Amino acid sequence: MQAQNGTNGKLKATIARNVRKLRILAHLSKYRLAKRAGLGLIHLSRIERGSILPGTVALSRLAGALHVSLDRLVLSRRVRRKRVVRSEESEFHLSPLDR
């Protein structure tokens, strides 16, 4: 049961982070998003804090109100920045034939 709780905890945190980030990007208050999604303000606040794992109906309503797909709410999308290394900074030097 601990593994499931750990997974649920990560999922709750991911959903909380995504809902809050998308709400802010949409310039919506919690009250306005709750209204649009047909959810109670306290329910939305608990979702954004990661206190509860929302059901499929609540997730679907939030996705619709934010104009995003469901996967945008539930998947963790951490973008890693790629470091560009110029040839003169690299330890490896390619000959002109290898380029």
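For clarity, every value in this text was computed on a predicted model and none was experimentally measured. In this numbering scheme, every chain counts its residues from 1 along its sequence in written order. Given that this is a predicted model, residues contribute local features only at a pLDDT of at least 70 and side-chain atom pairs are listed and counted only at 80 or more, while totals for whole chains, interfaces and linings are drawn from all residues. The side-chain values count all of the structure's non-hydrogen atoms but skip hydrogen atoms and water molecules.

Details of helix H3 (residues 41-49)
To be explicit about the condition: Think of it in three bands: residues with accessible area under 20% of the maximum for their type are buried, residues over 50% are exposed, and the middle band is partly exposed, with areas taken using a 1.4 Å probe on protein chains only. Under the DSSP-based scheme used, a helix requires at least four consecutive residues in state H or I and a strand at least two consecutive residues in state E, with every element numbered from the N terminus. Taken from the helix axis, the directions to the C-beta atoms give the arc we talk about.
Those residues of H3 lying buried are Leu44, Ser45, Ile47 and Glu48. Down the axis of H3, the buried set is contained in an arc of 160°. They therefore lie on one face. Exposed and oriented more than 90 degrees from the buried face of H3 are Ile42 and Arg49. Phi for Gly50, located one or two positions after H3, is positive at around 80°.

Things to note about the pattern of salt bridges
Put simply, the rule is: In what follows, salt bridge is the name for a side-chain nitrogen of Lys or Arg lying within 4 Å of a carboxyl oxygen of Asp or Glu.
Following the criterion strictly, the structure yields two salt bridges and no others. Here Glu48 makes a salt bridge to Arg23, at a shortest N to O gap of 2.6 Å. Linking Glu48 in helix H3 with Arg23 in helix H1 (residues 2-25), this pair joins segments that are 25 residues apart in sequence. Per residue, the accessibility class of Glu48 equals that of Arg23, and both read buried. In this structure, the salt-bridge partner of Glu48 is Lys30, at a minimum N-O distance of 3.9 Å. Separated by 18 residues along the polypeptide, Glu48 in helix H3 and Lys30 in helix H2 (residues 30-37) bring together distant segments of the chain. For Glu48, a relative accessible area of 9% translates into the label buried. Taking relative accessible area as the criterion, Lys30 reaches 30% and is therefore assigned partly exposed. What emerges from the salt-bridge pattern is a single network uniting Arg23, Lys30 and Glu48.

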